[in-house]
Every structure is written in structure tokens, then in C-alpha cells.
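Descriptive analysis of the structure
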Amino acid sequence: MKADIDPVDTARCPLCGGPNGCAMAQVVAGAAPVACWCRDADFAPELLARVPPEARRRACICAACVAAAAVDR
């Protein structure tokens, strides 16, 4: 049986493919959660809708994509 390979890289932005800088994705399993820049960010519904379904709630959008979306509002 072929093992399932997870195609979602949690360290990469699902929109641009660049590093997302997510502190929570970098925490070692079992470690206490850490604060991340994204906790204070405003993610527009339109921006979140652009995330591919397989990456939703799994890979963070990077700060550059969040800032670009804010300018476009």
C-alpha cells in the first residue's frame, strides 16, 4: 500500500509559496504554543478564500500576502 504523502508545507505560504514565518508551525511537537505575528493580523475573508482547500487551517498566509491584500481593500 502506498503511504499518503502530505503535500502541504506548513512553513510556506499557500498563496505565494514563500516562507510564512509562522512561529506555531515551527514549534516542536509537544512544546508549548508560542505567540506569532499572525495572532494580531487582520485576514480578510477574500484573502482566506484564496487559500487552496487542502491548505486551509493548516498552512499560514505570509505577512507579505496579508499586507498586499490590505492595500487592495
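Since the structure is predicted, the reported quantities are computational estimates derived from the model, not experimental observations.

Let us look at the overall build of the protein. The helix and strand tally for the protein stands at two helices and zero strands. Expressed as a percentage of its 73 residues, the buried residues of the protein come to 23%. Within the protein, contacts between residues at least 6 apart in sequence are counted, and of these 57% link residues at least 24 apart. Counting only carbon and sulfur atoms, one obtains 57% of the accessible surface of the protein, whose full area is about 5300 Å².

Turning next to the nonpolar core. In this structure, V8, C13, A44, L47, V51, A55, A59, I61, C62, C65, V66 and A69 together form the largest nonpolar core, which totals twelve residues. It is helix 2 (residues 63–72) that provides the largest number of residues to this core, a total of three residues. Other than its neighbours up to four places away in sequence, I61 contacts C13, P14, L15, N20, W37, F43, L47, L48, V51 and V66.

Now for unusual backbone geometry. Of note in this structure, R57 is not a glycine but carries a positive phi near 65 degrees. Among the secondary structure elements, R57 is positioned in the loop between helix 1 (45–49) and helix 2.

So, about helix 2. Turning to helix 2, its buried residues are C65, V66 and A69. End-on view of helix 2: buried residues confined to an arc of 100 degrees, all on one side of the axis. Opposite the buried face of helix 2, at more than 90 degrees from it, the exposed residues are A64 and V71. Taken together, the buried residues of helix 2 touch helix 1.

Cut-offs used in this document
Sequence order as written defines residue numbering, which begins from 1 separately in each chain. In keeping with the model being predicted, local features are shown solely for residues with a pLDDT of at least 70 and side-chain atom pairs are shown and tallied solely at 80 or more, while totals for entire chains, interfaces and linings include all residues. Only hydrogens and water are set aside when side-chain values are computed; all heavy atoms of the structure are taken into account. Every helix listed is a DSSP run of H or I at least four residues long, and every strand listed is a run of E at least two residues long, numbered separately from the N terminus. Three exposure classes are used, based on accessible area relative to the maximum for each residue type with a 1.4 Å probe and protein chains only: buried under 20%, partly exposed in between, and exposed over 50%. Contact between two residues is taken to exist if any of their heavy atoms lie within 4.5 Å; hydrogens are not considered. Accessibility throughout is a Shrake-Rupley quantity obtained with a 1.4 Å probe, and a residue counts as covered only by protein chains that appear here. What makes a nonpolar core is a set of buried Ala, Val, Leu, Ile, Met, Phe, Trp, Tyr and Cys residues whose side-chain atoms join them at distances within 4.5 Å. In this description, one arc is meant: the one made by directions from the helix axis to the C-beta atoms.

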